Amino acid sequence: MQRVTRNDVARRAGTSSAVVSYVLNDGPRPVAAATRARVEAAVVELGYRPNLVARALRSSRSNTIGLVVPDSTQAFFTELIHAVERAAFADGSLVLLGNSGFSRTMERRYAESLAGMQVDGLLLIESEVESRRLVLGMGAGLAVPLVYLNHSAPRGADATSVVLANHRGGALAAEHLMWHGYRRIACLTGTARSGPVADRARGCAAALQRAGLDSSIMLRTGLDRHSTRKQVKKWLQRSDRPQAVMATADGLALDLLSVAQEIGVKVPEDLAVMGFGGTDESAHSWPTLSTVGHPFEDFGQQAVATLKEVQRSGQRQPDVVLEVELTVRHSCGCTDDTPRPPTLATKGSP
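Everything quoted here is computed from the prediction, not taken from an experiment.

Draft legend 1. Representation of the overall build of the chain in the model. Broken down by element type, the chain carries eleven helices and twelve strands. Counting only residues that meet the buried cut, the chain has 49% of its 350 residues in that class. Here the analysis covers contacts within the chain between residues at least 6 apart in sequence; of these, 71% occur between residues at least 24 apart. Taken as a whole, the chain presents about 17200 Å² of accessible surface, with 51% of it coming from carbon and sulfur.

Draft legend 2. Just the side chain of Asn166, in detail. The residue Asn166 is located in helix H7 (residues 166–179) in this model. What Asn166 contacts, discounting residues up to four positions off in sequence, is Pro196, Asp199, Arg200 and Phe276.

Draft legend 3. Molecular detail of the packing of aromatic side chains. Going through the model one piece at a time under the given rule, you end up with two aromatic pairs. Each ring, one from Phe76 and one from Phe77, has its centre 5.8 Å from the other, and the planes form 80°; the classification is edge-to-face. Judged by relative accessible area, which is 14%, Phe76 ranks as buried. Measuring from ring centre to ring centre gives 5.3 Å for Phe76 and Phe296, while their planes differ by 65°; the resulting arrangement is edge-to-face.

Draft legend 4. View of the nonpolar core. Ranked by size, the top nonpolar core spans 50 residues in total, and within it Leu67, Leu80, Val84, Leu123, Leu149, Leu177 and Phe299 carry the most contacts. With eight residues, the top contributor of residues to this core is helix H5 (residues 75–90). If sequence neighbours within four positions are ignored, Phe299 has contacts with Phe76, Leu80, Leu149, Asn150, Val162, Leu164, His294 and Leu322. Counting residues in each nonpolar core, the second largest holds 21 residues, with Ala186, Leu219, Leu254 and Val273 among its members.

Draft legend 5. Fine view of the side chain of Asn150. Secondary-structure assignment places Asn150 in the loop between strand E4 (146–149) and strand E5 (160–164). Those residues in contact with Asn150 that sit more than four places away from it in its chain are Phe76, Phe77, Ile125, Val162, Val163, Pro196, Arg200 and Phe299.

Draft legend 6. Looking closely at the environment of Pro268. Relative to the elements of secondary structure, Pro268 occurs in the loop between helix H10 (250–263) and strand E9 (272–276). Sequence separation of Pro268 and Ser331 is 63 residues, and the distance between their C-alpha atoms is 5.3 Å. With residues up to four places along the chain from it excluded, the contact list for Pro268 reads Tyr182, His330, Ser331, Cys332 and Gly333.

Draft legend 7. Representation of the confidence of the model for the chain within the structure. Considering every residue of the chain, the mean pLDDT works out to 87; 88% of them sit at 70 or more. Predicted confidence is poor over residues 344–350, with pLDDT under 50, and the contacts of this stretch with residues over four places away or in other chains come to 13 contacts.

Draft legend 8. Geometry of the sheet that holds strand E8 (residues 244–247). Strand order across the open sheet formed by six strands is E7-E6-E8-E9-E10-E12, with mixed pairing between neighbours. With one partner strand each, in any of the chains shown, strand E7 (218–221) and strand E12 (325–327) form the two edges of the open sheet. Each neighbouring strand pair of the sheet contributes to a mean axis angle of 20°, computed without reference to strand direction. Pairing geometry for strand E10 (residues 290–293) and E12, over three bridges, is antiparallel. Residue pairing across strands places Thr291 opposite Thr327, the latter belonging to E12. Along the sheet, H7 contacts strand E6 (185–190), E8, E9, E10 and E12; its crossing angle with E9, the most-contacted strand, is approximately 165°. Lying on the sheet, H10 is in contact with E6, E7, E8, E9 and E10; it crosses E9 at an angle near 155°.

Draft legend 9. Up close: the packing of H5 against helix H11 (residues 296–313). Close contact between H5 and H11 brings their axes to 8 Å; oriented N to C, the two are set at 55°. Classed by the angle they form, the pair H5 and H11 counts as oblique. Considering only the axes of H5 and H11, their crossing is right-handed. When H5 is examined against H11, the residues Phe76, Glu79, Leu80, Ala83, Val84, Arg86, Ala87 and Ala88 are found in contact with a partner set consisting of Phe296, Glu297, Phe299, Gly300, Gln301 and Val304. For the contact of H5 with H11, the class distribution of residues is nine nonpolar, two polar and three charged.

Draft legend 10. Broad picture of the sheet that holds strand E2 (residues 94–99). Across the sheet, six strands lie side by side as E2-E1-E3-E4-E5-E11; this open sheet has parallel pairing. Bordering the open sheet on either side are E2 and strand E11 (320–322), each of which pairs with just one other strand. Looking at each pair of strands side by side, their axes are set apart by 20° on average, direction ignored. Two elements, strand E1 (residues 64–69) and strand E3 (residues 121–124), share four bridges in a ladder whose sense is parallel. Opposite Gly66, over in E3, you have Leu122 as the bridge partner. Each of E1, E2 and E3 touches helix H6 (residues 104–116); the most contacted strand, E1, lies at about 175° to it.

Draft legend 11. Up close: the pattern of salt bridges. Under the definition given, this model contains 15 salt bridges. When the shortest N-O distance is used, the salt bridge between Glu297 and Arg86 registers 2.8 Å. Of the two residues, Glu297 is situated in helix H11 and Arg86 in helix H5; the sequence distance between them amounts to 211 residues. By relative accessible area, Arg86 is classed as partly exposed at 43%. With its nearest N and O atoms 3.3 Å apart, the salt bridge here joins Glu262 to Arg229. Of this pair, Glu262 sits in helix H10 while Arg229 sits in helix H9 (residues 225–236), placing them 33 residues apart in sequence. Among the charged side chains, a salt-bridge network with shared partners connects Arg184, Arg238 and Asp240.

Rules and cut-offs
- Residues numbered from 1 in each chain as written.
- Predicted model: local features only at pLDDT ≥ 70, side-chain atom pairs only at ≥ 80, totals over all residues.
- Heavy atoms only, no water.
- Helix = DSSP H or I, 4+ residues; strand = E, 2+ residues; numbered from the N terminus.
- Buried < 20%, exposed > 50% of the residue type's maximum accessible area, 1.4 Å probe, protein only.
- Contact = heavy atoms within 4.5 Å.
- Areas by Shrake-Rupley, 256 points an atom, 1.4 Å probe, with all protein chains shown as cover.
- Phe/Tyr/Trp six-rings, centres within 6.5 Å; stacked < 30°, edge-to-face > 60°.
- Core = buried A, V, L, I, M, F, W, Y, C linked by side-chain atoms within 4.5 Å.
- pLDDT = per-residue confidence, 0-100.
- Pairing = 2+ DSSP bridges.
- Axes fitted to C-alpha atoms, helices over the stretch in contact; angles between N-to-C directions.
- Parallel < 35°, antiparallel > 145°, perpendicular 65-115°, else oblique.
- Left-handed = near helix turned anticlockwise from the far one by under 90°.
- Nonpolar A, V, L, I, M, F, W, Y, C, P; charged D, E, K, R; others polar.
- Salt bridge = Lys/Arg side-chain N within 4 Å of Asp/Glu carboxyl O.

In structure tokens form, the structure reads like this:
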């Protein structure tokens, strides 16, 4: 079947191909209402679809954004991806997604491949793994604007970051558990010593130290959920089990809730639990999970807006740090009738 062209639309509408272009691109010249209506009717009748590749070559814009994530099946990344997609679509762009599988090699391959596809910009969510970080940016082999999302750019990268106030969020979670009266508080976190999860763990430790409590009670787990659950199970079966746990990701906290139920540890009666991420699934666990986070919708909008500003200016912009807030539910010991505590995290803490 022969492809319908812009000239075909022009002939059906009784006008020129230039006028058809003005209608399809909403400019640069105005088109009379009656003529616009004929062109739009011809587009529908003929089933015309613009050649987006040709349009990109002519305008030097593809109206696409590249997004690289560690694992789109994890709830935090799933919700952030959807928020970015909605923000990009509202701005007239589509998102091309790549899953790195927590591999630095795959991160680089996806970043370079998407740049080679002439995306207008790239959002990179790095993996939190103990290996050398990538130094990517306009001056490091990528010819497209780059923004690091959820993870600060590595040293030496000429790139902007959009991140959460992770250190302060970790402190906020720990202080809420202390507000309940818990004194033996542990941190469940990953193995990476840098990045957002590590920052949350450090924030938790700092809050415990300020209160004169032991900040060394910690379990570090890997990326495999099966082995994580085995580690957590052993941990909770120890005689010196903590009174409360601050998990640096909602996924870890939900695994903890599941294991606790399996071995008969009651939450929050025997063990209080706090998560981090503010994911939707945290509201549907049993008991419902108290967590710290930032609205995903705004997170996505800030990411796209920052990338757009980098595109416009052609240079690095100031990093964006998004404030976090506490959502209290039942897992920490709060009930529907519990008076909500004040915000305890020290003002000015990172």
